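One-letter residues, chain by chain:
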Amino acid sequence: MIKGSCHCGAVHFEVRKPLEWITECNCSACRKLGTIWAHADESEIDLTYAEGATLSYVWGDKTLAFHSCKTCGCTTHWLTLDKAEVPRMAVNMRLAEPAAVANIPVRHFDGADTWRYLD
Ligand SMILES: [Zn+2]
């Protein structure tokens, strides 16, 4: 179980599945946000924040929304929107304790172009 939170603590999460890898994506959004994602089904992540505590950002084909804490600005997670075929989500492992993720391999995803892992 890996816990994380934004800097001010308004948004926090727990990943309840073992992570084989975490993902750094080079798409225009992830690259600028500086995120490293742990992807999971909604049933595998507990995400806690007050209604309205995040700012959501939707772009491109509008299948997912990036969420950032309104108070401290950290990008915390993304959630698929209703039009996505399979509901998915990811939380930002930059917000986990470094020791908790130190031994998890980081894979590089080519979200900018081929939509494949580069390794
Ligand atoms: Zn915050």
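Residues numbered from 1 in each chain as written. Predicted model: local features only at pLDDT ≥ 70, side-chain atom pairs only at ≥ 80, totals over all residues. Heavy atoms only, no water.

## What to know about the coordination of the zinc ion
Around the zinc ion, the protein contributes the donor atoms Cys-6 (SG), Cys-8 (SG), Cys-69 (SG) and Cys-72 (SG), at 2.3 to 2.4 Å from the metal centre. What the 4 donor atoms of the zinc ion show is an angle range of 106 to 116 degrees at the metal, which sorts the shape as tetrahedral. Between the donor residues of the zinc ion, the gaps in sequence give the motif C-x1-C-x60-C-x2-C. Of this pair, Cys-6 sits in the loop between β1 (2-5) and β2 (12-15) while Cys-72 sits in the loop between β7 (64-69) and β8 (75-80); the two residues are 66 residues apart in sequence, bridging distant segments of the chain. Among the residues examined, Cys-6 registers a relative accessible area of 2% and is labelled buried. With a relative accessible area of 30%, Cys-72 lands in the partly exposed category. (Donors = N, O, S within 2.8 Å, 3.2 Å for Na, K, Ca; no water. Tetrahedral: all angles 85-135°; square planar, octahedral: opposite > 155°, others 65-115°. Helix = DSSP H or I, 4+ residues; strand = E, 2+ residues; numbered from the N terminus. Buried < 20%, exposed > 50% of the residue type's maximum accessible area, 1.4 Å probe, protein only.)

## Focus: the packing of aromatic side chains
Counting across every chain of the model gives 5 aromatic pairs. Each ring, one from Trp-21 and one from Tyr-117, has its centre 5.8 Å from the other, and the planes form 80 degrees; the classification is edge-to-face. Of this pair, Trp-21 sits in the loop between β2 and β3 (22-25) while Tyr-117 sits in the segment after β10 (106-109), and the two are 96 residues apart along the sequence. Judged by relative accessible area, which is 31%, Trp-21 ranks as partly exposed. Judged by centre distance (6.0 Å) and plane angle (35 degrees), the rings of Trp-37 and Phe-66 are tilted. (Phe/Tyr/Trp six-rings, centres within 6.5 Å; stacked < 30°, edge-to-face > 60°.)

## As for the environment of Trp-21
Sequence-wise, Trp-21 and His-39 are 18 residues apart; in three dimensions their C-alpha atoms are separated by 9.1 Å. Leaving out residues up to four positions away in the same chain, Trp-21 has contacts with Ile-104, Pro-105, Arg-107 and Tyr-117. Here the side chain of Trp-21 touches Thr-23 through a polar contact of 3.5 Å, side chain to side chain. A polar contact of 3.0 Å, which involves the side chain of Trp-21, links it to the side chain of Tyr-117. (Contact = heavy atoms within 4.5 Å. Polar contact = N/O pair within 3.5 Å; in protein donor to acceptor, adjacent residues only side chain to side chain.)

## A closer look at the UniProt feature "domain: CENP-V/GFA" (unreviewed entry) in the protein
In this structure's numbering, the residues bearing the UniProt feature "domain: CENP-V/GFA" (unreviewed entry) are residues 2-116. With 9% helix and 39% strand, the stretch residues 2-116 has end C-alpha atoms that lie 25 Å from each other. (UniProt positions renumbered as here; feature names shortened; annotations may be inferred.)

## Some remarks on unusual backbone geometry
For residues other than glycine, phi is negative in most cases, and the peptide bonds are mostly trans. Notably, Lys-62 is not glycine yet its phi reads approximately 55 degrees, a positive angle. Its location among the elements puts Lys-62 in the loop between β6 (54-58) and β7. Phi angles above zero are rare outside glycine, and Trp-115 is one such case at about 60 degrees. With respect to the element layout, Trp-115 can be found in the segment after β10.

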